[in-house]
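# Residue-level structural notes
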Amino acid sequence: MSDALTTLEAARRRTFAIISHPDAGKTTLTEKLLLYSGAIHLAGSVKARRASRHATSDWMAIEKERGISVTSSVLQFEHKGLQCNLLDTPGHQDFGEDTYRTLVAADAAIMLLDNAKGVEPQTKKLFHVARLRRTPVVTLINKCDREGKDPLDLMSEVEQVLGIATVPLDWPIGSGKGFVGVYDRLDRKVHLFSPGRHGEEIVAEEVLDPDDPQLRERIGDSLHDKLREDLELLEAAGEPFDHERFLAGEQTPVFFGSAATNFGIGPFLDRFVTLAPPPGPRETRDGGVREANDPAFSAFVFKIQANMDPSHRDRLCFVRICSGRYEKGMKVRHARLDKELKLAMAHTLLGRDRVSVEEAYAGDIVGLVDTQHVLRIGDTVSTDRGPAFNGVPRFSPEIFATLHLADPLRRKQLVEGLTQLAEEGAVQIFFRRGQGALDPIVAVVGVLQLEVLQARLEAEYSVRIKVERLGFSHARWLDGIDDPVKAARAIVGTHVDDTDGHPVVLLRNDWELGVAERENPKVGFLTTSPLD
Ligand code: G4P
(Lines give C-alpha, C1' and ligand atoms only; values in the text may rest on other atoms or scores of the structure.)
Protein backbone atom coordinates (compact mmCIF):
# COMPACT_ATOMS: atom_id res chain seq x y z
CA MET A 1 0.00 0.00 0.00
CA SER A 2 1.21 3.51 -0.64
CA ASP A 3 -0.32 6.92 -0.40
CA ALA A 4 -0.29 9.23 -3.36
CA LEU A 5 1.64 12.08 -1.76
CA THR A 6 4.53 9.99 -0.41
CA THR A 7 4.79 8.21 -3.78
CA LEU A 8 4.83 11.50 -5.64
CA GLU A 9 7.28 13.19 -3.32
CA ALA A 10 9.67 10.22 -3.28
CA ALA A 11 9.60 10.05 -7.08
CA ARG A 12 10.64 13.70 -7.28
CA ARG A 13 13.72 13.30 -5.06
CA ARG A 14 17.23 13.07 -6.46
CA THR A 15 19.71 12.42 -3.65
CA PHE A 16 23.33 12.44 -4.73
CA ALA A 17 26.91 13.27 -3.79
CA ILE A 18 29.94 14.51 -5.67
CA ILE A 19 33.02 12.32 -5.58
CA SER A 20 36.27 13.99 -6.48
CA HIS A 21 39.83 14.65 -5.46
CA PRO A 22 40.56 18.02 -3.78
CA ASP A 23 40.86 20.87 -6.30
CA ALA A 24 38.96 19.10 -9.09
CA GLY A 25 36.34 21.84 -8.71
CA LYS A 26 33.65 20.38 -6.41
CA THR A 27 32.95 23.65 -4.64
CA THR A 28 32.84 25.55 -7.91
CA LEU A 29 30.53 22.98 -9.48
CA THR A 30 28.22 22.90 -6.46
CA GLU A 31 27.81 26.61 -6.70
CA LYS A 32 27.12 26.41 -10.42
CA LEU A 33 24.48 23.73 -9.87
CA LEU A 34 22.78 26.21 -7.53
CA LEU A 35 23.15 28.92 -10.17
CA TYR A 36 21.67 26.81 -12.98
CA SER A 37 18.82 25.56 -10.81
CA GLY A 38 17.92 29.15 -9.97
CA ALA A 39 18.63 28.78 -6.24
CA ILE A 40 21.14 31.61 -6.52
CA HIS A 41 21.42 34.24 -9.22
CA LEU A 42 25.03 35.20 -8.91
CA ALA A 43 27.95 32.90 -8.25
CA GLY A 44 31.02 34.19 -6.52
CA SER A 45 30.86 33.27 -2.86
CA VAL A 46 33.45 30.60 -3.59
CA LYS A 47 36.10 33.28 -3.62
CA ALA A 48 34.67 34.80 -0.47
CA ARG A 49 34.94 31.55 1.45
CA ARG A 50 38.56 31.09 0.54
CA ALA A 51 39.58 33.10 3.58
CA SER A 52 38.30 30.31 5.80
CA ARG A 53 38.77 27.19 3.76
CA HIS A 54 36.79 24.80 5.88
CA ALA A 55 34.05 22.56 4.64
CA THR A 56 31.48 23.28 7.33
CA SER A 57 31.65 26.98 6.70
CA ASP A 58 31.77 26.80 2.90
CA TRP A 59 28.12 27.57 2.45
CA MET A 60 27.54 30.05 5.22
CA ALA A 61 27.94 32.98 2.88
CA ILE A 62 25.32 31.61 0.53
CA GLU A 63 23.03 30.75 3.41
CA LYS A 64 23.21 34.26 4.77
CA GLU A 65 22.90 35.86 1.38
CA ARG A 66 19.96 33.84 0.15
CA GLY A 67 18.33 32.42 3.25
CA ILE A 68 18.03 29.07 1.47
CA SER A 69 18.30 25.86 3.35
CA VAL A 70 21.90 24.82 3.14
CA THR A 71 23.19 22.57 5.86
CA SER A 72 26.55 21.17 6.61
CA SER A 73 25.15 17.84 5.50
CA VAL A 74 22.85 18.48 2.58
CA LEU A 75 22.15 21.19 0.11
CA GLN A 76 18.66 21.32 -1.34
CA PHE A 77 17.54 22.84 -4.60
CA GLU A 78 14.81 22.32 -7.15
CA HIS A 79 15.46 21.71 -10.81
CA LYS A 80 12.83 20.97 -13.42
CA GLY A 81 10.30 20.16 -10.72
CA LEU A 82 12.68 17.71 -9.05
CA GLN A 83 13.89 18.10 -5.48
CA CYS A 84 17.66 17.67 -5.48
CA ASN A 85 19.47 16.75 -2.25
CA LEU A 86 23.18 17.22 -2.75
CA LEU A 87 24.98 15.51 0.11
CA ASP A 88 28.09 17.20 1.34
CA THR A 89 31.17 15.00 1.12
CA PRO A 90 33.89 16.80 3.03
CA GLY A 91 37.11 17.03 1.12
CA HIS A 92 40.56 18.42 1.76
CA GLN A 93 41.75 18.00 5.31
CA ASP A 94 38.24 17.07 6.44
CA PHE A 95 38.39 13.84 4.46
CA GLY A 96 37.45 11.00 6.75
CA GLU A 97 35.09 8.12 7.24
CA ASP A 98 32.18 10.55 7.17
CA THR A 99 32.95 11.11 3.52
CA TYR A 100 32.53 7.40 2.81
CA ARG A 101 29.41 7.07 4.93
CA THR A 102 27.73 9.90 3.07
CA LEU A 103 27.87 7.81 -0.08
CA VAL A 104 25.83 5.10 1.62
CA ALA A 105 23.02 7.66 1.93
CA ALA A 106 23.20 8.73 -1.74
CA ASP A 107 21.24 7.25 -4.67
CA ALA A 108 23.68 8.51 -7.31
CA ALA A 109 27.05 10.23 -7.58
CA ILE A 110 28.70 12.75 -9.83
CA MET A 111 32.33 11.79 -10.35
CA LEU A 112 34.13 15.04 -11.06
CA LEU A 113 37.52 14.79 -12.74
CA ASP A 114 40.11 17.44 -13.53
CA ASN A 115 40.78 17.05 -17.27
CA ALA A 116 44.53 17.44 -16.76
CA LYS A 117 44.78 15.01 -13.84
CA GLY A 118 42.28 12.28 -14.65
CA VAL A 119 41.50 9.74 -11.93
CA GLU A 120 43.23 10.84 -8.71
CA PRO A 121 43.65 8.88 -5.45
CA GLN A 122 40.72 10.27 -3.45
CA THR A 123 38.37 9.83 -6.41
CA LYS A 124 39.47 6.24 -6.67
CA LYS A 125 38.75 5.53 -3.00
CA LEU A 126 35.35 7.19 -3.15
CA PHE A 127 34.47 5.42 -6.39
CA HIS A 128 35.16 2.06 -4.78
CA VAL A 129 32.86 2.94 -1.89
CA ALA A 130 30.13 3.97 -4.34
CA ARG A 131 30.64 0.67 -6.11
CA LEU A 132 29.96 -1.32 -2.92
CA ARG A 133 26.31 -0.37 -3.21
CA ARG A 134 26.40 -0.25 -7.02
CA THR A 135 25.57 3.43 -6.91
CA PRO A 136 25.07 4.83 -10.41
CA VAL A 137 27.90 7.24 -11.25
CA VAL A 138 27.77 10.07 -13.79
CA THR A 139 31.19 11.41 -14.82
CA LEU A 140 31.83 15.09 -15.46
CA ILE A 141 35.20 16.03 -16.87
CA ASN A 142 35.89 19.52 -15.60
CA LYS A 143 38.24 22.36 -16.51
CA CYS A 144 37.83 21.89 -20.27
CA ASP A 145 38.64 25.61 -20.56
CA ARG A 146 42.22 24.54 -19.81
CA GLU A 147 44.33 22.24 -21.91
CA GLY A 148 44.15 18.74 -20.49
CA LYS A 149 44.39 15.14 -21.54
CA ASP A 150 42.70 13.93 -24.69
CA PRO A 151 39.00 13.06 -24.03
CA LEU A 152 39.43 9.53 -25.39
CA ASP A 153 42.49 8.97 -23.17
CA LEU A 154 40.54 10.22 -20.15
CA MET A 155 37.76 7.76 -20.83
CA SER A 156 40.11 4.85 -21.22
CA GLU A 157 41.84 5.90 -17.97
CA VAL A 158 38.47 5.73 -16.19
CA GLU A 159 37.83 2.31 -17.70
CA GLN A 160 41.23 0.94 -16.80
CA VAL A 161 41.72 2.43 -13.35
CA LEU A 162 38.15 2.07 -12.13
CA GLY A 163 36.92 -0.86 -14.19
CA ILE A 164 33.69 0.77 -15.37
CA ALA A 165 32.54 1.19 -18.98
CA THR A 166 32.30 4.79 -20.19
CA VAL A 167 29.84 6.26 -22.68
CA PRO A 168 30.22 9.93 -23.60
CA LEU A 169 26.77 11.51 -23.70
CA ASP A 170 28.22 14.78 -24.81
CA TRP A 171 31.45 15.69 -26.50
CA PRO A 172 33.65 18.77 -26.19
CA ILE A 173 34.02 21.10 -29.13
CA GLY A 174 37.50 22.59 -28.99
CA SER A 175 39.81 22.51 -26.02
CA GLY A 176 41.50 24.94 -23.64
CA LYS A 177 40.92 28.53 -24.66
CA GLY A 178 39.23 27.20 -27.80
CA PHE A 179 36.58 25.20 -25.86
CA VAL A 180 33.39 26.67 -27.30
CA GLY A 181 30.68 24.14 -26.64
CA VAL A 182 29.48 20.57 -26.42
CA TYR A 183 27.65 18.21 -28.73
CA ASP A 184 24.74 16.43 -27.04
CA ARG A 185 24.82 12.89 -28.41
CA LEU A 186 21.31 11.98 -27.23
CA ASP A 187 19.53 15.04 -28.62
CA ARG A 188 21.99 15.37 -31.52
CA LYS A 189 22.31 19.09 -30.88
CA VAL A 190 25.30 21.39 -30.65
CA HIS A 191 25.38 23.79 -27.68
CA LEU A 192 27.64 26.80 -28.18
CA PHE A 193 28.37 29.11 -25.28
CA SER A 194 29.44 32.75 -25.10
CA PRO A 195 31.78 33.78 -22.33
CA GLY A 196 30.07 35.63 -19.46
CA ARG A 197 31.32 37.58 -16.47
CA HIS A 198 33.84 35.07 -15.08
CA GLY A 199 31.12 32.48 -14.76
CA GLU A 200 29.18 34.51 -12.21
CA GLU A 201 26.00 34.29 -14.26
CA ILE A 202 24.33 31.75 -16.50
CA VAL A 203 26.11 32.02 -19.86
CA ALA A 204 24.37 32.63 -23.19
CA GLU A 205 23.83 29.42 -25.09
CA GLU A 206 22.95 28.77 -28.69
CA VAL A 207 21.58 25.41 -29.76
CA LEU A 208 22.23 24.34 -33.36
CA ASP A 209 21.68 21.29 -35.50
CA PRO A 210 24.97 19.58 -36.37
CA ASP A 211 24.03 19.87 -40.07
CA ASP A 212 23.17 23.54 -39.82
CA PRO A 213 25.44 25.36 -42.32
CA GLN A 214 25.85 28.11 -39.74
CA LEU A 215 27.79 25.75 -37.51
CA ARG A 216 30.84 25.66 -39.79
CA GLU A 217 30.83 29.45 -39.88
CA ARG A 218 30.55 29.71 -36.14
CA ILE A 219 33.24 27.30 -35.09
CA GLY A 220 35.53 27.35 -38.13
CA ASP A 221 36.58 24.63 -40.54
CA SER A 222 39.08 22.86 -38.39
CA LEU A 223 36.82 22.44 -35.29
CA HIS A 224 33.96 21.47 -37.55
CA ASP A 225 35.99 18.77 -39.30
CA LYS A 226 37.39 17.53 -36.00
CA LEU A 227 33.89 17.28 -34.49
CA ARG A 228 32.70 15.23 -37.47
CA GLU A 229 35.67 12.89 -37.23
CA ASP A 230 35.30 12.48 -33.47
CA LEU A 231 31.60 11.72 -33.72
CA GLU A 232 32.13 9.16 -36.46
CA LEU A 233 34.77 7.49 -34.35
CA LEU A 234 32.50 7.40 -31.29
CA GLU A 235 29.61 5.99 -33.29
CA ALA A 236 31.82 3.28 -34.74
CA ALA A 237 33.88 2.34 -31.70
CA GLY A 238 31.91 3.15 -28.58
CA GLU A 239 29.21 1.12 -26.89
CA PRO A 240 25.71 2.61 -26.71
CA PHE A 241 24.32 4.08 -23.52
CA ASP A 242 22.33 1.53 -21.56
CA HIS A 243 20.23 2.99 -18.78
CA GLU A 244 19.94 -0.33 -16.96
CA ARG A 245 23.69 -0.85 -16.93
CA PHE A 246 24.14 2.72 -15.67
CA LEU A 247 21.65 2.07 -12.83
CA ALA A 248 23.52 -1.13 -11.98
CA GLY A 249 26.78 0.84 -11.68
CA GLU A 250 28.34 -0.92 -14.67
CA GLN A 251 28.46 1.97 -17.10
CA THR A 252 29.12 5.65 -16.50
CA PRO A 253 27.84 8.36 -18.84
CA VAL A 254 30.51 11.00 -19.42
CA PHE A 255 30.03 14.76 -19.84
CA PHE A 256 32.49 17.56 -20.48
CA GLY A 257 32.42 21.10 -19.17
CA SER A 258 33.96 23.90 -17.23
CA ALA A 259 32.54 24.75 -13.82
CA ALA A 260 34.59 27.95 -13.83
CA THR A 261 33.21 29.38 -17.09
CA ASN A 262 29.85 27.50 -16.89
CA PHE A 263 30.34 26.03 -20.37
CA GLY A 264 28.50 22.71 -20.54
CA ILE A 265 27.07 22.97 -17.01
CA GLY A 266 23.48 23.75 -18.08
CA PRO A 267 23.13 20.73 -20.41
CA PHE A 268 24.92 18.58 -17.83
CA LEU A 269 22.52 19.46 -15.00
CA ASP A 270 19.44 19.01 -17.21
CA ARG A 271 20.65 15.58 -18.18
CA PHE A 272 21.91 14.57 -14.76
CA VAL A 273 18.57 15.03 -13.00
CA THR A 274 16.85 12.84 -15.57
CA LEU A 275 19.53 10.14 -15.42
CA ALA A 276 19.86 10.03 -11.62
CA PRO A 277 17.32 7.65 -10.10
CA PRO A 278 14.73 8.55 -7.48
CA PRO A 279 15.03 6.75 -4.11
CA GLY A 280 14.72 3.04 -4.75
CA PRO A 281 14.12 -0.01 -2.59
CA ARG A 282 16.58 -0.36 0.32
CA GLU A 283 17.82 -3.73 1.43
CA THR A 284 16.98 -4.85 4.94
CA ARG A 285 18.83 -7.27 7.19
CA ASP A 286 16.25 -9.99 6.85
CA GLY A 287 17.03 -10.17 3.13
CA GLY A 288 13.97 -8.18 2.06
CA VAL A 289 13.62 -4.64 0.77
CA ARG A 290 11.70 -1.55 1.79
CA GLU A 291 10.16 0.37 -1.11
CA ALA A 292 10.52 4.16 -1.11
CA ASN A 293 6.77 4.59 -1.59
CA ASP A 294 5.88 2.46 1.42
CA PRO A 295 3.65 4.71 3.55
CA ALA A 296 5.42 3.72 6.79
CA PHE A 297 8.25 6.06 7.69
CA SER A 298 11.72 4.51 7.89
CA ALA A 299 15.23 5.96 8.00
CA PHE A 300 18.77 5.12 9.02
CA VAL A 301 21.47 7.13 10.75
CA PHE A 302 24.53 7.81 8.58
CA LYS A 303 26.18 10.69 10.35
CA ILE A 304 26.35 12.03 13.89
CA GLN A 305 27.54 15.42 14.97
CA ALA A 306 27.92 15.80 18.69
CA ASN A 307 28.58 18.87 20.75
CA MET A 308 29.05 20.80 17.54
CA ASP A 309 28.27 24.04 19.08
CA PRO A 310 28.65 24.93 22.77
CA SER A 311 25.16 26.46 22.70
CA HIS A 312 23.66 23.09 21.67
CA ARG A 313 25.48 20.45 23.69
CA ASP A 314 23.64 17.52 22.26
CA ARG A 315 23.86 15.13 19.39
CA LEU A 316 22.43 15.74 15.98
CA CYS A 317 21.92 12.46 14.13
CA PHE A 318 21.51 12.78 10.41
CA VAL A 319 19.13 10.22 9.00
CA ARG A 320 18.44 9.35 5.42
CA ILE A 321 14.72 8.74 4.96
CA CYS A 322 14.07 5.53 3.02
CA SER A 323 10.26 5.46 2.94
CA GLY A 324 7.14 7.23 4.09
CA ARG A 325 6.81 10.72 5.44
CA TYR A 326 8.51 12.36 8.38
CA GLU A 327 6.22 14.51 10.46
CA LYS A 328 7.20 16.58 13.41
CA GLY A 329 6.44 14.92 16.73
CA MET A 330 5.95 11.45 15.28
CA LYS A 331 6.69 8.34 17.33
CA VAL A 332 9.12 5.83 15.90
CA ARG A 333 10.57 2.49 16.87
CA HIS A 334 14.30 2.21 17.40
CA ALA A 335 15.01 -1.15 15.75
CA ARG A 336 18.21 -2.10 17.62
CA LEU A 337 16.89 -1.26 21.08
CA ASP A 338 13.30 -2.21 20.25
CA LYS A 339 12.21 0.95 21.97
CA GLU A 340 9.87 3.81 21.17
CA LEU A 341 11.29 7.25 20.46
CA LYS A 342 9.48 10.50 19.94
CA LEU A 343 10.96 12.58 17.17
CA ALA A 344 10.10 15.88 18.74
CA MET A 345 12.66 17.76 16.80
CA ALA A 346 14.21 17.43 13.43
CA HIS A 347 16.41 20.11 12.13
CA THR A 348 18.27 21.35 9.22
CA LEU A 349 21.00 23.82 9.89
CA LEU A 350 20.89 27.31 8.54
CA GLY A 351 24.26 28.78 9.27
CA ARG A 352 24.65 28.50 13.02
CA ASP A 353 20.93 28.27 13.61
CA ARG A 354 18.80 25.19 13.49
CA VAL A 355 15.63 25.31 11.52
CA SER A 356 12.83 22.95 12.36
CA VAL A 357 11.68 20.56 9.62
CA GLU A 358 7.92 20.05 9.41
CA GLU A 359 7.84 17.21 6.91
CA ALA A 360 10.23 15.26 4.72
CA TYR A 361 10.10 12.28 2.36
CA ALA A 362 12.16 9.36 1.07
CA GLY A 363 15.51 10.62 -0.17
CA ASP A 364 15.56 13.57 2.25
CA ILE A 365 18.06 14.01 5.04
CA VAL A 366 17.03 15.36 8.42
CA GLY A 367 18.99 15.93 11.59
CA LEU A 368 17.32 14.36 14.64
CA VAL A 369 18.17 15.70 18.06
CA ASP A 370 19.23 12.73 20.18
CA THR A 371 18.98 14.00 23.73
CA GLN A 372 19.06 10.51 25.21
CA HIS A 373 22.14 9.44 23.24
CA VAL A 374 20.48 6.28 21.98
CA LEU A 375 21.25 6.49 18.27
CA ARG A 376 24.36 5.11 16.59
CA ILE A 377 25.62 5.13 13.04
CA GLY A 378 23.66 2.53 11.06
CA ASP A 379 20.61 2.46 13.37
CA THR A 380 17.15 2.21 11.84
CA VAL A 381 14.09 4.11 13.05
CA SER A 382 10.63 3.45 11.63
CA THR A 383 6.94 3.90 12.39
CA ASP A 384 6.19 0.21 11.90
CA ARG A 385 7.86 -2.89 13.24
CA GLY A 386 9.27 -3.31 9.79
CA PRO A 387 12.79 -3.06 8.64
CA ALA A 388 16.22 -2.86 10.10
CA PHE A 389 18.33 -1.56 7.25
CA ASN A 390 21.62 -3.08 6.33
CA GLY A 391 23.22 -0.18 8.09
CA VAL A 392 26.48 1.50 7.40
CA PRO A 393 29.69 -0.51 7.43
CA ARG A 394 32.95 0.71 8.90
CA PHE A 395 35.55 1.35 6.24
CA SER A 396 39.16 0.27 6.32
CA PRO A 397 41.11 3.00 8.11
CA GLU A 398 44.58 3.98 6.95
CA ILE A 399 45.96 5.78 9.97
CA PHE A 400 46.51 3.96 13.25
CA ALA A 401 47.64 5.21 16.62
CA THR A 402 48.02 4.37 20.23
CA LEU A 403 47.13 6.91 22.92
CA HIS A 404 49.19 7.93 25.93
CA LEU A 405 47.34 9.45 28.85
CA ALA A 406 48.89 12.52 30.45
CA ASP A 407 47.12 11.65 33.72
CA PRO A 408 46.81 7.86 34.22
CA LEU A 409 44.01 8.40 36.73
CA ARG A 410 41.73 9.54 33.94
CA ARG A 411 41.64 6.16 32.17
CA LYS A 412 37.93 5.72 32.92
CA GLN A 413 37.11 9.03 31.26
CA LEU A 414 39.30 8.08 28.30
CA VAL A 415 37.40 4.83 27.78
CA GLU A 416 34.09 6.67 28.11
CA GLY A 417 35.17 9.33 25.61
CA LEU A 418 36.53 6.81 23.14
CA THR A 419 33.37 4.70 23.32
CA GLN A 420 31.27 7.76 22.65
CA LEU A 421 33.42 8.92 19.75
CA ALA A 422 33.48 5.44 18.25
CA GLU A 423 29.67 5.28 18.41
CA GLU A 424 29.50 8.56 16.57
CA GLY A 425 31.82 7.10 13.97
CA ALA A 426 34.48 9.74 14.63
CA VAL A 427 37.13 7.03 15.17
CA GLN A 428 37.37 3.26 15.09
CA ILE A 429 38.78 1.24 17.96
CA PHE A 430 40.53 -2.10 17.79
CA PHE A 431 41.49 -4.26 20.76
CA ARG A 432 44.57 -6.45 20.91
CA ARG A 433 43.68 -10.01 21.83
CA GLY A 434 43.91 -10.77 25.52
CA GLN A 435 44.32 -7.15 26.56
CA GLY A 436 40.65 -6.21 26.94
CA ALA A 437 40.00 -2.51 26.77
CA LEU A 438 43.53 -1.64 27.84
CA ASP A 439 45.66 0.19 25.33
CA PRO A 440 43.26 0.13 22.37
CA ILE A 441 44.40 0.96 18.85
CA VAL A 442 42.61 3.97 17.46
CA ALA A 443 42.17 4.17 13.70
CA VAL A 444 40.92 6.78 11.26
CA VAL A 445 40.70 7.45 7.54
CA GLY A 446 41.82 11.08 7.51
CA VAL A 447 44.53 12.67 9.61
CA LEU A 448 42.26 15.49 10.75
CA GLN A 449 40.16 12.91 12.60
CA LEU A 450 43.06 12.30 15.00
CA GLU A 451 43.37 15.99 15.73
CA VAL A 452 39.64 16.20 16.32
CA LEU A 453 39.87 13.21 18.66
CA GLN A 454 42.59 14.86 20.71
CA ALA A 455 40.74 18.18 20.90
CA ARG A 456 37.39 16.63 21.76
CA LEU A 457 38.78 14.31 24.45
CA GLU A 458 40.30 17.33 26.10
CA ALA A 459 37.31 19.66 25.72
CA GLU A 460 34.52 17.20 26.47
CA TYR A 461 36.12 14.66 28.81
CA SER A 462 39.03 16.66 30.30
CA VAL A 463 41.39 13.95 29.10
CA ARG A 464 44.75 15.00 27.72
CA ILE A 465 46.43 12.48 25.46
CA LYS A 466 49.53 12.14 23.35
CA VAL A 467 48.98 10.37 20.06
CA GLU A 468 51.63 7.96 18.83
CA ARG A 469 51.23 6.89 15.22
CA LEU A 470 51.62 3.17 14.52
CA GLY A 471 53.09 1.80 11.30
CA PHE A 472 49.98 0.04 9.94
CA SER A 473 48.28 1.16 6.76
CA HIS A 474 45.54 -1.43 6.18
CA ALA A 475 42.86 -3.07 8.29
CA ARG A 476 41.07 -6.08 6.83
CA TRP A 477 38.06 -7.82 8.34
CA LEU A 478 38.61 -11.56 8.08
CA ASP A 479 35.87 -13.55 6.44
CA GLY A 480 35.50 -17.32 6.20
CA ILE A 481 37.63 -18.26 9.23
CA ASP A 482 36.40 -20.64 11.94
CA ASP A 483 38.85 -19.90 14.69
CA PRO A 484 40.38 -16.41 15.06
CA VAL A 485 43.22 -17.75 17.24
CA LYS A 486 44.24 -20.29 14.62
CA ALA A 487 43.84 -17.68 11.88
CA ALA A 488 46.15 -15.37 13.81
CA ARG A 489 48.87 -18.00 13.67
CA ALA A 490 48.41 -18.59 9.94
CA ILE A 491 48.01 -15.02 8.74
CA VAL A 492 50.83 -12.46 8.84
CA GLY A 493 50.05 -9.16 10.60
CA THR A 494 48.77 -7.92 13.96
CA HIS A 495 45.48 -9.53 14.93
CA VAL A 496 42.85 -7.51 16.77
CA ASP A 497 39.08 -7.38 17.31
CA ASP A 498 36.79 -4.50 16.42
CA THR A 499 34.22 -3.15 18.90
CA ASP A 500 31.70 -5.79 17.78
CA GLY A 501 34.21 -8.60 18.28
CA HIS A 502 34.91 -9.17 14.57
CA PRO A 503 38.42 -10.44 13.87
CA VAL A 504 40.58 -7.94 12.01
CA VAL A 505 44.17 -8.06 10.81
CA LEU A 506 46.30 -4.90 10.69
CA LEU A 507 49.01 -4.82 8.03
CA ARG A 508 51.91 -2.50 7.47
CA ASN A 509 51.89 -2.15 3.71
CA ASP A 510 50.65 -3.46 0.36
CA TRP A 511 53.37 -6.09 0.33
CA GLU A 512 52.23 -7.61 3.64
CA LEU A 513 48.64 -7.51 2.45
CA GLY A 514 49.66 -9.30 -0.76
CA VAL A 515 51.46 -12.02 1.21
CA ALA A 516 48.50 -12.51 3.56
CA GLU A 517 46.08 -12.81 0.65
CA ARG A 518 48.31 -15.12 -1.38
CA GLU A 519 49.04 -17.46 1.51
CA ASN A 520 45.39 -17.68 2.58
CA PRO A 521 43.35 -17.98 -0.58
CA LYS A 522 40.29 -19.26 1.30
CA VAL A 523 40.12 -16.26 3.63
CA GLY A 524 38.25 -13.10 2.65
CA PHE A 525 40.19 -9.89 3.45
CA LEU A 526 37.31 -7.39 3.54
CA THR A 527 37.77 -3.63 3.28
CA THR A 528 34.53 -3.01 5.17
CA SER A 529 33.15 -4.45 8.39
CA PRO A 530 30.48 -7.13 8.14
CA LEU A 531 26.94 -5.83 8.63
CA ASP A 532 25.27 -7.69 11.42
P1 G4P B 1 37.40 21.55 -4.72
O2 G4P B 1 36.19 22.05 -3.99
O3 G4P B 1 37.16 20.33 -5.52
O4 G4P B 1 38.62 21.44 -3.91
O5 G4P B 1 37.76 22.62 -5.86
P6 G4P B 1 37.41 24.16 -6.02
O7 G4P B 1 36.02 24.32 -6.54
O8 G4P B 1 37.78 24.89 -4.78
O9 G4P B 1 38.40 24.49 -7.20
C10 G4P B 1 39.79 24.31 -7.11
C11 G4P B 1 40.49 25.24 -8.08
O12 G4P B 1 40.13 24.87 -9.42
C13 G4P B 1 40.09 26.70 -7.92
O14 G4P B 1 41.21 27.47 -8.31
C15 G4P B 1 39.00 26.85 -8.95
O16 G4P B 1 38.84 28.17 -9.39
C17 G4P B 1 39.55 25.99 -10.06
N18 G4P B 1 38.51 25.50 -10.97
C19 G4P B 1 37.34 24.92 -10.67
N20 G4P B 1 36.67 24.62 -11.79
C21 G4P B 1 37.42 25.04 -12.82
C22 G4P B 1 37.26 25.03 -14.23
O23 G4P B 1 36.28 24.59 -14.79
N24 G4P B 1 38.30 25.56 -14.97
C25 G4P B 1 39.41 26.08 -14.40
N26 G4P B 1 40.34 26.57 -15.23
N27 G4P B 1 39.59 26.12 -13.07
C28 G4P B 1 38.60 25.61 -12.29
P29 G4P B 1 42.18 28.20 -7.28
O30 G4P B 1 43.31 28.70 -8.04
O31 G4P B 1 42.43 27.29 -6.12
O32 G4P B 1 41.33 29.35 -6.71
P33 G4P B 1 40.83 30.69 -7.42
O34 G4P B 1 42.05 31.36 -7.93
O35 G4P B 1 39.89 30.32 -8.52
O36 G4P B 1 40.17 31.41 -6.31
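Residues numbered from 1 in each chain as written. Predicted model: local features only at pLDDT ≥ 70, side-chain atom pairs only at ≥ 80, totals over all residues.

Strand pairing in a sheet is mediated by backbone hydrogen bonds. Such pairs are either parallel or antiparallel. Pairing in this open sheet of 8 strands is antiparallel, and the strands run β27-β24-β26-β25-β29-β30-β28-β31 from one edge to the other. Lying at the two open borders of the sheet, with one neighbouring strand each, are β27 (465–470) and β31 (524–526). The sheet shows a mean angle of 40° between the axes of neighbouring strands, taken without regard to direction. Both strand β29 (residues 494–498) and strand β30 (residues 503–507) contribute to a ladder of 4 bridges, which runs antiparallel. Within β30, the position partnered with D497 by the bridge is P503. Those strands touched by helix α12 (residues 447–461) are β24 (399–405), β26 (441–444) and β27, and its axis lies near 160° from that of β27. Set on the sheet, helix α14 (residues 510–519) makes contact with β28 (474–479), β30 and β31; between it and β30 the angle comes to about 135°. (Pairing = 2+ DSSP bridges. Helix = DSSP H or I, 4+ residues; strand = E, 2+ residues; numbered from the N terminus. Axes fitted to C-alpha atoms, helices over the stretch in contact; angles between N-to-C directions. Contact = placed C-beta atoms within 7 Å.)

What follows concerns the sheet that holds strand β11 (residues 251–256). Read across the open sheet, the 7 strands follow the order β2-β3-β1-β4-β5-β11-β6; overall the sheet is mixed. In this open sheet, the two edge strands, each paired with only one partner strand, are β2 (74–79) and β6 (165–168). Pairwise comparison of adjacent strand axes, ignoring direction, gives a mean angle of 30° for this sheet. Across 5 bridges, strand β1 (residues 13–20) lies against strand β4 (residues 108–114) in parallel orientation. Looking across to β4, one finds that I18 is bridged to I110.

Here the focus is the environment of G266. If you trace the backbone, G266 turns up in helix α10 (residues 265–275). The partly exposed category is assigned to G266, around which 19 C-beta atoms lie within 10 Å. Through-space distance from the C-alpha of G266 to that of K32 is 8.9 Å; in sequence the pair is 234 residues apart. (Buried ≥ 20, exposed ≤ 12 C-beta atoms within 10 Å, placed from the backbone.)

Of all residues adjacent to the ligand, which total 18 residues, the nearest are G25, K26, T27, T28 and A260. No other element matches helix α2 (residues 26–37), which puts 3 residues into the shell around the ligand. The residue makeup of the shell around the ligand, split by class, is 4 nonpolar, 7 polar and 7 charged. (Near = placed C-beta within 6 Å. Nonpolar A, V, L, I, M, F, W, Y, C, P; charged D, E, K, R; others polar.)

With that settled, the discussion passes to the packing of helix α5 (residues 97–104) against helix α6 (residues 121–132). Following both chains from N to C, one finds α5 and α6 inclined at 35°, their axes separated by 9 Å at the closest point. When the axes of α5 and α6 are compared, the crossing they make is right-handed. Each of T99, Y100 and L103 in α5 lies in contact with α6, whose residues at this interface are L126, V129 and A130. Within the contact of α5 with α6, the residues separate by chemical class into 5 nonpolar, 1 polar and no charged. (Left-handed = near helix turned anticlockwise from the far one by under 90°.)

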